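Observations on chain architecture
If you want the building blocks of each chain, they are given just below.
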Amino acid sequence: RSLFQRAYALERPSGNDIDPWGRRFVLASTSSGLLWGGAGWLFFGPASALSQTLMTFAIGGMLAAAGGTLACHLPAFYGYFCCALLPLTVRTFLVGDRIHVGLGVMLLVYGVGMQRVARNNNRAFVRAFRLGIENTELLQRLSLSQVELQETNRSLEHRVIERTKALEQQ
């Protein structure tokens, strides 16, 4: 993702070129999720509480981070989120005892909570970007109004000078 962000920053695409970058972002995030999900499946040792705990906390932490960092583009978040969480959850349920079924249910509840966090964060991002655009438009209109006001002042000053000269000549 860091290489992707760097390439994006170097290219600085215009508004018309954003869609391909969005698709690449989703693909990169989904690929990252697949790697984490694969690790969750492979390194979840059914007989090792330590490996289970480590994988659950590692992937849970990565999902929490994704709820903040990838929420700006929900398809990227969901690509990562589903691919990272689903294998661990399925693997947990497959152990089959009561503790692991309970842990699987907790992972599902955690997943529901994290996707709600991501949606809320996405709404905040969208609102912030809209406000930024509105502020830019307001600044442009304000600058234009300021130029028009300065021009009106110059015109008025010029008229006052002309009128004063005309009155002095009378």
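Keep in mind that this is a model prediction, so the values were computed, not measured.

The rules behind the values
Along each chain, numbering runs from 1 in the same order as the chain's sequence is written. With the structure being a predicted model, the display of local features is reserved for residues of pLDDT at least 70 and the display and counting of side-chain atom pairs for 80 or more, all residues being used for whole-chain, interface and lining totals. Processing note: side-chain calculations cover all non-hydrogen atoms of the structure and skip hydrogens and water entirely. Here, a salt bridge means any side-chain nitrogen of Lys or Arg that lies within 4 Å of a carboxyl oxygen of Asp or Glu. Here a strand is any run of E in DSSP of at least two residues, a helix any run of H or I of at least four, and the numbering for each starts at the N terminus. Burial status follows relative accessibility: with a 1.4 Å probe on protein chains alone, a residue under 20% of its type maximum counts as buried, one over 50% as exposed, and anything between as partly exposed. Patches in this entry comprise residues that are over 30% relatively accessible and not in a salt bridge; like charges within 9 Å are linked, as are nonpolar side chains (Val, Leu, Ile, Met, Phe, Trp, Tyr) within 5 Å. The accessible surface values rely on the Shrake-Rupley method and a 1.4 Å probe; as for residues, cover is taken only from the protein chains in view. Pairs of N or O atoms within 3.5 Å make up the polar contacts considered here, provided that, within protein, one atom can donate a hydrogen while the other can accept it, and that residues adjacent in sequence are counted only when both atoms are side-chain atoms. Contacts are assigned to residue pairs with any non-hydrogen atoms lying within 4.5 Å of each other. Every axis corresponds to a line fitted to the C-alpha atoms, with the helix fit spanning only the stretch in contact, and the corresponding angles, defined between N-to-C directions, vary from 0 to 180 degrees. When describing relative orientation, an angle under 35 degrees is termed roughly parallel and one over 145 degrees roughly antiparallel, while 65 to 115 degrees is termed roughly perpendicular and anything else oblique. Residues are grouped as follows: Ala, Val, Leu, Ile, Met, Phe, Trp, Tyr, Cys and Pro are nonpolar; Asp, Glu, Lys and Arg are charged; all remaining types, including Gly, are polar. Residue-level confidence of the predictor, termed pLDDT, takes values from 0 up to 100. Ring pairs shown here join Phe, Tyr and Trp side chains whose ring centres sit within 6.5 Å, with only the six-membered ring taken for Trp; geometry is labelled stacked below 30 degrees between planes, edge-to-face above 60, and tilted in between.

A short note on the pattern of salt bridges
It is possible for side chains of opposite charge to pair when their charged atoms get near one another. Inspection of every chain in the model, using the stated rule, returns one salt bridge. Of the charged contacts in the structure, one is a salt bridge between Glu-151 and Arg-154, with a shortest N-O distance of 3.0 Å. Of this pair, Glu-151 and Arg-154 are both found in helix 5 (residues 98-169), three residues apart, which corresponds to roughly one turn of the helix. Given a relative accessible area of 47%, Glu-151 falls into the partly exposed group.

Digging into a nonpolar patch on the surface
Taken together, the side chains of Trp-41, Leu-42, Phe-43, Leu-86, Val-90 and Leu-94 make up a nonpolar region of the molecular surface, amounting to roughly 640 Å² of accessible area. Listed by contribution, the elements that provide at least two residues to the nonpolar patch are helix 2 (18-42) and helix 4 (74-95). The dominant element in the nonpolar patch, judged by the number of residues it contributes, is helix 4, at three residues. You can see Val-90 is positioned in helix 4.

Some points on the side chain of His-100
Within the element layout of this structure, His-100 appears in helix 5. Owing to a relative accessible area of 9%, His-100 belongs among the buried residues under this scheme. One polar contact links His-100 to Asp-97, side chain to side chain, over a distance of 2.7 Å. Residue contacts for His-100: discarding those within four places in its chain leaves Phe-44, Gln-52, Thr-92 and Val-95.

Remarks on the packing of helix 4 against helix 5
Relative orientation and spacing of two packed helices are given, respectively, by the angle between their axes and the distance between those axes. Where helix 4 contacts helix 5, the axes come no closer than 8 Å and their chain directions differ by 170 degrees. In this view, helix 4 runs roughly antiparallel relative to helix 5, as classed from their interaxial angle. A per-class count over the contact of helix 4 with helix 5 returns 15 nonpolar, seven polar and one charged.

Considering the confidence of the model for the chain
Per-residue confidence for the chain gives a mean pLDDT of 89, with 99% of residues at or over 70. Put simply, helix 1 (residues 2-11) is where the chain has its lowest mean pLDDT, 80, and helix 4 is where it has its highest, 95.

What to know about the packing of aromatic side chains
In this structure the tally under the stated criterion is four aromatic pairs. Ring centres of Tyr-8 and Trp-21 lie 5.3 Å apart, and the angle between their planes is 80 degrees; this geometry places the pair in the edge-to-face category. Placement of the pair is Tyr-8 in helix 1 and Trp-21 in helix 2, with a sequence separation of 13 residues. The exposure class assigned to Tyr-8 is partly exposed, which follows from its relative accessible area of 34%. Here the aromatic rings of Phe-77 and Phe-81 are separated by 5.0 Å at their centres, their planes lie at 25 degrees, and the arrangement is stacked. Of this pair, Phe-77 and Phe-81 both sit in helix 4, four residues apart, roughly one helical turn. Residue classification places Phe-77 among the buried positions, given a relative accessible area of 0%. The class of Phe-81 is buried, set by a relative accessible area of 8%. Taken together, the ring pairs connect Phe-77, Tyr-78 and Phe-81 into an aromatic cluster.

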